[in-house]
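Next come the chains, spelled out residue by residue.
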Amino acid sequence: MKKPRIYLSPPHMSGREQEYIKEAFRTNWIAPLGPNVDAFEKELASYVGASEAVAVNSGTSAIHLALSLLGVTRGDIVFCSTLTFVASANPILYQGAEAVFIDSDYDSWNMSPQALQRALQDAALQGKLPKAVIIVNLYGQSAKMDELLTLCEHYQVPVVEDAAESLGSTYKGKPSGTFGHYGVYSFNGNKIITTSGGGMLVSNDVESLRKARFLATQARDPAPYYQHSQVGHNYRLSNILAGVGRAQLEVIDERVKARRLIFERYRQSLSHIPGISFMPELENSMTNRWLTTLTIDEKETGIKSSQLIEAMEKENIEARPVWKPLHLQPLFKEASFFSHSEDEDVAQQLFSRGVCLPSGSSMTEEEQGRIVECVMNTIEGVYARQGII
Ligand SMILES: *Cc1c(COP(=O)(O)O)cnc(C)c1O
């Protein structure tokens, strides 16, 4: 008999979602916007310490609005972390701009300051600096913000912080997502909290967020009829979904604690295996450990990361490879790429060795035990000897 499936990062409701939804129904605030949206924006802004927040229908929309507000347009260049989900960079293409990808480093798995420095130097020499740099905080881990922001400030290039995966994390005590000119969160189904689909744009530039609301509601001019003088989008979050978000945000700290505990159990049970290394946690930072992620050295363990993922699938466990770097995607085959060093493509290395383990905050210890056992059995070759695989 097949054991029940363990998902990578399933939604985990707090139990209070229905109350906010019921209230929306009671007052017939079903249509876009309404009191839950206003409150969710205020509550999230207050949680991360940003001046203001704009609730939208996805993290991707929030990134798109940020680029649009920064004036990114056809022919512009935008730098972006390469080791990330395609959603970080798709909005560059929406704006008709050109993406340039920046490698990771081994300490953070995020944007390499030395690669960014070379890319900015090169751009300055060509006389064409990027219009923005999109810095991603992967799997909850903050990028090296001090180093990266110093470089961006030196060249006066604004930063969009893609904190889709890092709500609840901090860097030097400051909430992740509040370092750039704009910060972006996602409430997609598998994120640390979810509205089933949604996102948030935060900034201290309150004036520009007013513009974000305008662009996100079809850019309707103030006139007694429907008048439009620029391109707009239909990007706002519904009042029902914002209600789900409010109930989820109430438990964000518990969710972070649960994911960190899950990471800790994996670390205690698996880190003794030679050839397995967990994604590090930067000094002076606290990651929400959205997904516990590790790398497998094939020489030491005798297996490839893909073999481990296949072995888990046989046990009805959903594990995933690390994001395939964007500079290796067919979609971006023309894009430039700046590697960590001359002969080191760190993102590609992490991709070829990386595995994301199920990390949902509702996972039981027993379920986690199944995963640990599967990893150990696979690596120790017990299965092979029994002729099962
Ligand atoms: C999930 C995610 C996004 C996009 O968020 P959506 O809400 O799914 O549009 C962007 N960047 C990263 C790094 C993500 O993981």
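The present account deals with the structure reproduced in this document. (Residues numbered from 1 in each chain as written. Predicted model: local features only at pLDDT ≥ 70, side-chain atom pairs only at ≥ 80, totals over all residues. Heavy atoms only, no water.)

## Quick notes on the overall build of the protein chain
The condition is simple: Note on conventions: DSSP H or I runs of at least 4 residues are helices, E runs of at least 2 residues are strands, and numbering of each starts at the N terminus. For the radius of gyration, the atoms used are the C-alpha atoms, and the globule rule reads 2.2 Å times the number of residues raised to 0.38. Buried means the residue's accessible area, taken with a 1.4 Å probe over protein chains only, is under 20% of the maximum for its type, while exposed means over 50%, and partly exposed covers the values in between. Note on contacts: a residue pair is in contact if any heavy atoms of the two residues lie within 4.5 Å. Only the protein chains shown count as cover for residues, with accessible areas throughout obtained via the Shrake-Rupley method and a probe of 1.4 Å. Counting rule applied: Lys, Arg positive; Asp, Glu negative; His and chain ends not counted. Note that the charge is assigned to NZ on lysines, CZ on arginines, CG on aspartates and CD on glutamates.
Looking only at helices and strands, the protein chain features 14 helices and 15 strands. What you see for the protein chain is a C-alpha radius of gyration of 21 Å, in line with the 21 Å of a compact globule of 389 residues. Projected onto its principal axes, the C-alpha coordinates of the protein chain cover approximately 75 × 60 × 35 Å. Across the 389 residues that make up the protein chain, the buried fraction comes to 55%. For the protein chain, the share of sequence-separated contacts (at least 6 apart) that also reach a separation of at least 24 residues comes to 72%. For the protein chain, the accessible area works out to roughly 17,000 Å², and carbon and sulfur atoms hold 50% of it. Across the protein chain, the mean location of the 37 positive side-chain charges is 5 Å away from that of the 45 negative side-chain charges.

## Observations regarding the state of the cysteines
Stated formally: When the sulfur atoms of two cysteines come within 2.5 Å, that pair is taken as a disulfide.
Under the definition given, this model contains 0 disulfides. The cysteine C80 is free of any disulfide, with C152 supplying the nearest cysteine sulfur at 12 Å. Free of any disulfide, C374 has its nearest neighbouring cysteine sulfur in C356, separated by 15 Å.

## Some points on the pattern of salt bridges
Which entries qualify depends on this criterion: The term salt bridge refers to a side-chain nitrogen of Lys or Arg lying within 4 Å of a carboxyl oxygen of Asp or Glu.
For the coordinates displayed, the defined rule picks out 19 salt bridges. The closest approach of N and O atoms between R213 and E41, which form a salt bridge, is 3.0 Å. Taken together, the positions of R213 in helix α7 (residues 206-216) and E41 in helix α2 (residues 35-48) put the pair 172 residues apart, joining distant regions of the chain. Overall, the relative accessible area of 23% leaves R213 in the partly exposed class. With relative accessibility at 6%, the residue E41 sits in the buried group. Its salt-bridge partner being K172, residue D146 comes within 2.4 Å of it at the nearest N-O pair. Within this pair, whereas D146 is found in helix α6 (residues 145-154), its partner K172 is found in the loop between β6 (170-171) and β7 (174-175), the two being separated by 26 residues in sequence. A relative accessible area of 47% places K172 in the partly exposed class. Within the structure, one salt-bridge network assembled from shared partners comprises E41, E52, R213 and R236.

## Section: the sheet that holds strand β4 (residues 132-136)
To keep it simple, the criterion reads: Any two strands with at least two DSSP-identified bridges between them are counted as paired. Working convention: axes come from line fits to C-alpha atoms, limited for helices to the stretch in contact. Angles between N-to-C directions cover 0 to 180 degrees.
Ordered by their spatial adjacency, 8 strands build an open sheet running β1-β9-β8-β5-β4-β2-β3-β14, and the pairing between neighbours is mixed. Two strands lie at the open edges of the sheet, namely β1 (52-56) and β14 (336-338), each paired on one side alone. On average, each strand axis in the sheet is tilted by 20° relative to the strand beside it, whichever way the strands run. When strand β8 (residues 182-186) meets strand β9 (residues 199-203), the two strands line up antiparallel, connected through 4 bridges. Residue pairing for β9: S186 is matched across the bridge by G199. Against the sheet, α2 engages β1, β8 and β9, with an angle of about 130° to β1. Docked against the sheet, helix α3 (residues 59-69) engages β1, β2 (77-81), β4, β5 (159-162), β8 and β9, running at close to 165° with respect to β8.

In short, shape yes, function no, at least from these values alone.
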